[in-house]
Amino acid sequence: MKKSLKRSTRWGLIVTLSLLILCSAGIAAWYFQFPLEAEKQVPVYTCKQELQVDYRIAVMQNNFFPEQFIGPGQVYIIPLTQYIETALNYNFSGPEKVDISGQYQADAVLTGYVIKEKKAGDEVEKVKLKAWEKTWPLVAVTPFSAHDRTLQINQPVPVDIRFYADFAEQVAKEFEFSAELVELAVTYNIQGKAVTEQGEINEPVQAALIIPIKGNSFTVDSLQNNVVEKSITEPSVEEVPGVKLTRIIMAGITALLAVLLLMLLFMTAAAWENPSENELCRIFRKYGDRIATGFSWVPAISAQNIMTLNSFDDLLKVADEITQPILYESHPDGVHSFYVINEPLIYCFNLNTAAGDHNSKYTDNMQM
């Protein structure tokens, strides 16, 4: 036996379930477009190369200062400087023994610059324009090789700063041109290679010391070290996280909602609604404060003074016109009568909730 539900309630549930099914089915269809598995590059061998440069200043013997070396982070006087003691420190490390090989070298590049101002928007910035440049090799190309997990190279690289300062001074005298900025860049280059069963890694590593020379002094303004990590990868098929679970959940929700909708459609029915009862509820809900109930007689009822109206709204107009209250009487046979009295006339509107229409037997009997 089907369960009766109020028509509006039943249709509301049907519409709600239908919308939910469309949403869940759409989400499920969206996730069914995504692949369950995807190909990713997985590292099978990873190596790390570190190139670090350390330095300190070797001081010439003098009668003023007893120090033999001065550490980083100061201004250094060229006549007191014997040389700059730098050290190239290279470290190669990996998870297993492989064939490691490569080469390293170091160069000194002395450059003279002219400083120009360049307008960038509302600001003015200074730009270095190269006037001349000279390169000297400090460490010739040197090969290295090993079969191990790690490899370390510690190579001292002395830098004769006095030589480069003298060269810049000679250029200025010879060509009667004094660069506004003379900068010495000491570059360290390593080309490391690792040969493994999975493949080959061939990756360069660089570091540099930037040394501005100003008259009889210099500083080490920039110490640029470098760390490079490189991997050999292979394709691997992996499950895309969340796609399979979301498919199952959304498909299950869609199926459950579909079952509920079918049960609602085939196991329930809209309860029959009496339009007269709905009209009676509307009348009392909207005009209940204007209706007087509980009387049991109507004076001078006869066919000559009863005027039956077709709607409560018509009766309401009469009551407003003659400024009289609306009287209400309920009968056992389901007839609900509303009156407005304006002697000798009585205006009447009847609702037959038992029959479901406005034309009641009670009205016909009163007119006979």
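Here, the structure is the one placed above.
Everything in this summary refers to the structure shown in the same document. Worth saying up front: this structure is predicted, and the values here are computed from it rather than measured.

Conventions adopted
Residues numbered from 1 in each chain as written. Predicted model: local features only at pLDDT ≥ 70, side-chain atom pairs only at ≥ 80, totals over all residues. Heavy atoms only, no water. Helix = DSSP H or I, 4+ residues; strand = E, 2+ residues; numbered from the N terminus. Expected span 1.5 Å × (residues − 1). Contact = heavy atoms within 4.5 Å. Pairing = 2+ DSSP bridges. Axes fitted to C-alpha atoms, helices over the stretch in contact; angles between N-to-C directions. Patch = residues over 30% accessible without salt bridge, like charges linked within 9 Å, V, L, I, M, F, W, Y side chains within 5 Å. Areas by Shrake-Rupley, 256 points an atom, 1.4 Å probe, with all protein chains shown as cover. Salt bridge = Lys/Arg side-chain N within 4 Å of Asp/Glu carboxyl O. Buried < 20%, exposed > 50% of the residue type's maximum accessible area, 1.4 Å probe, protein only. Parallel < 35°, antiparallel > 145°, perpendicular 65-115°, else oblique. Left-handed = near helix turned anticlockwise from the far one by under 90°.

Glancing now at helix H2 (residues 161–175). Compared with the 21 Å implied by 1.5 Å per residue over 15 residues, the 22 Å span of H2 between its first and last C-alpha is a close match. Lining the buried residues of H2 we find strand E5 (81–120), strand E6 (123–159), strand E7 (181–195), strand E8 (200–214) and strand E9 (217–218). Positive backbone phi, at 50 degrees, marks Glu176, one or two positions downstream of H2.

With that out of the way, let us pick up the sheet that holds strand E13 (residues 291–293). Sheet architecture is open: five strands sit in the order E13-E15-E16-E17-E14, paired in mixed fashion. Either end of the sheet is taken by a strand with one partner, and the two such strands are E13 and strand E14 (306–308). Strand-to-strand twist across the sheet, computed as the mean angle between neighbouring axes with direction ignored, equals 30 degrees. Note: E13 against strand E15 (residues 326–330), three bridges, orientation parallel. When the sheet's bridge partners are listed, Ile291 is paired in E15 with Ile326. This element, helix H4 (residues 275–287), spans E13, E15, strand E16 (335–342) and strand E17 (345–352) of the sheet and lies at about 125 degrees to E17. Lying over the sheet, helix H5 (residues 312–322) contacts E13, E15, E16 and E17, oriented at roughly 25 degrees with respect to E16.

So, on to a nonpolar patch on the surface. There is a patch of nonpolar side chains on the surface, built from Leu256, Val259, Leu260, Leu262, Met263, Leu265, Phe266 and Met267 and spanning about 750 Å² of accessible area. Take Val259: it is sitting in helix H3 (residues 243–267).

Right, let's get into unusual backbone geometry. Cis peptide bonds are those with omega within 30 degrees of zero, and the linkage from Glu343 to Pro344 qualifies with 10 degrees. Relative to the elements of secondary structure, Pro344 occurs in the loop between E16 and E17. Even without being glycine, Thr323 reaches a positive phi, approximately 50 degrees. Residue placement: Thr323 occurs in the loop between H5 and E15. Among the residues examined, Thr323 registers a relative accessible area of 64% and is labelled exposed.

Attention shifts here to helix H1 (residues 7–32). Residue pairs spaced three or four apart in an α-helix point in one direction, given the helix's 3.6 residues per turn. If you check H1, its first and last C-alpha atoms are 37 Å apart, about what 26 residues at 1.5 Å a residue would give, namely 38 Å. If you check which residues of H1 are buried, you get Arg10, Ile14, Leu17, Ile21, Ser24 and Ala28. Residues of H1 that are buried sit in contact with strand E1 (3–5), H3 and strand E12 (268–270).

Of all the eight residues making up E16, six are buried; the element is thus mostly covered by neighbouring parts of the structure. Sheet topology places E15 next to E16; four bridges connect them, and they run antiparallel. The partner of Glu329 across the bridge, within E16, is Ser337. Relative to E17, E16 runs antiparallel, the two sharing eight bridges. In the sheet register, Phe338 faces E17, and the bridge partner there is Phe349. Between E16 and E17, which pair antiparallel in sequence order, lie two residues.

At their nearest, the axes of H1 and H3 sit 9 Å apart, and the two run at 155 degrees to each other. Here H3 runs roughly antiparallel to H1, going by the angle between their axes. For the element pair H1 and H3, the recorded crossing hand is left-handed.

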